[in-house]
Every structure is written in C-alpha cells, then in structure tokens.
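What the coordinates show
Spelled out, the chains give:
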Amino acid sequence: MIENGAEGFSSEIADLAEQLSQIAKDLLGVASHGEIAHERQNTQATAGPTLLERAERLYADRRQRSPLIGGYELFGEPAWDILLDLYIAHARGKVVSVSSACIGSAAPPTTGLRWLGILQQEGLVLRENDPQDQRRVNVRLSPDAITRLETYLSGLTDKSGKQ
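Computed from a predicted structure; not experimentally measured.

Conventions adopted
Residues numbered from 1 in each chain as written. Predicted model: local features only at pLDDT ≥ 70, side-chain atom pairs only at ≥ 80, totals over all residues. Heavy atoms only, no water. pLDDT = per-residue confidence, 0-100. Contact = heavy atoms within 4.5 Å. Helix = DSSP H or I, 4+ residues; strand = E, 2+ residues; numbered from the N terminus. Expected span 1.5 Å × (residues − 1). Phe/Tyr/Trp six-rings, centres within 6.5 Å; stacked < 30°, edge-to-face > 60°. Buried < 20%, exposed > 50% of the residue type's maximum accessible area, 1.4 Å probe, protein only. Polar contact = N/O pair within 3.5 Å; in protein donor to acceptor, adjacent residues only side chain to side chain. Pairing = 2+ DSSP bridges. Axes fitted to C-alpha atoms, helices over the stretch in contact; angles between N-to-C directions. Arc of directions from axis to C-beta.

**A short note on the confidence of the model for the protein**
- Within the protein, residue pLDDT values average 75, and 58% of them lie at 70 or more.
- Contacts for the low-pLDDT stretch residues 30–47, under 50 throughout, to residues beyond four places or in other chains number twelve contacts.

Here it is as structure tokens:
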C-alpha cells in the first residue's frame, strides 16, 4: 500500500510537471506577443493616442451613451461592439470566450451569437477550441480584421486633431 501510494504520488508529480511545462510555453507565447504590441504602442505614443486607446474610447463612449439616451433598442450595433471588444482583447493579449464576446456585444445573448456567426462567415472572427478546457470555445479577430480595424483606428483623429 505504501508503494502504491508512492507510485500515485510520482504520477501526480509527473502530471503537474507536464502542466507547468505547458503553462510556461503558453506564457512565453503571450509574452512575445505582448512585447510586439508594446513596441507598436510605444511607436504610436509620440503621435497621439494608441490604437488600443482609441478602441477603448470608442467602446467606452458607446457604453456611456446607452443609459443616458437609450439602450440596445435605439443604438444597437452588436457586430461593431464585438469587433471593438475583440480588438481590445487582442491588443491586451487576452483570450475571449464566445460567452464573453456575447456580453461584449451589449445585446441579448442570442443576438450576440447570431452576429458572431455572421462575423465568422465574413472572415472577420475565428472560433477555436480552448486548449485548456474543451467545453469552451474562444473567438478572436482574423488577421484581416485586425488590419482593417487598425486602418480604421489609425484614420481617426483625437480631440486635439492629431491622428
């Protein structure tokens, strides 16, 4: 019984070591992605707001408007809200689940799901199984969508007139 316990303990340690190794690989990937995004932001900081700051401002402005003037029924643009939310997550190196993207749409869940499907058909959103939890599906912007959003955000001017 003691030997069996030791074998089980050794097996648990091996499993934990494998999990830690995978986490380390994941963190290295996130870190290198974050360094690239950080370099891009530093380059833009001297010229005005970063693309991330512009996306965050657009998204925040939309959230402020609804309680004051009217909610989803008057100003609903779930596809745009999803795209902005996914761009912000991309720029921050965050992973977004389908349910989180639906919440980010500021629309009822069924509406958010419908728009995610449309955005996927248009090639703007990619769905992927979560490698850590096979029950969960994550969504992210396609490379083409990132380029399009960055082109749009780059063309916006801030309040001082800077691009």
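**With respect to helix H6 (residues 109–121)**
- With 13 residues, H6 should reach 18 Å at 1.5 Å per residue; the first-to-last C-alpha distance of 18 Å fits that figure.
- The first or second residue beyond H6 is Gly-123, which carries a positive phi of 80°.

**Some points on the packing of aromatic side chains**
- Under the defined criterion, the tally for this structure stands at one aromatic pair.
- Each ring, one from Trp-80 and one from Tyr-152, has its centre 5.4 Å from the other, and the planes form 85°; the classification is edge-to-face. Taken together, the residues span a long stretch of sequence, with Trp-80 in helix H4 (residues 78–92) and Tyr-152 in helix H7 (residues 143–155) at a distance of 72 residues.
- When its relative accessible area of 21% is taken as the criterion, Trp-80 is described as partly exposed.

**Focus on the side chain of Arg-54**
- Checked against the element boundaries, Arg-54 lands in helix H2 (residues 51–69).
- With a relative accessible area of 8%, Arg-54 lands in the buried category.
- A distance of 2.9 Å separates the side chain of Arg-54 from the backbone oxygen of Leu-156, its partner in a polar contact.

**Side note on the sheet that holds strand S1 (residues 96–97)**
- With antiparallel pairing, the three strands of this open sheet are ordered in space as S1-S3-S2. A strand with exactly one partner marks an edge of an open sheet, and here the two such strands are S1 and strand S2 (125–129).
- Strand contacts of H6: S2 and strand S3 (137–141), with the helix running at about 105° to S2, the strand carrying the most contacts.

**Some remarks on H7**
- In this model H7 runs 19 Å from its N-terminal to its C-terminal C-alpha over 13 residues, within 8% of the 18 Å that 1.5 Å per residue would give.
- Residues Ala-145, Ile-146, Leu-149, Glu-150 and Leu-153 constitute the buried set of H7. Buried residues in H7, looked at end-on, bunch into an arc of 130°, giving them a common side. Of the exposed residues in H7, the ones pointing more than 90 degrees away from its buried face are Arg-148 and Thr-151.

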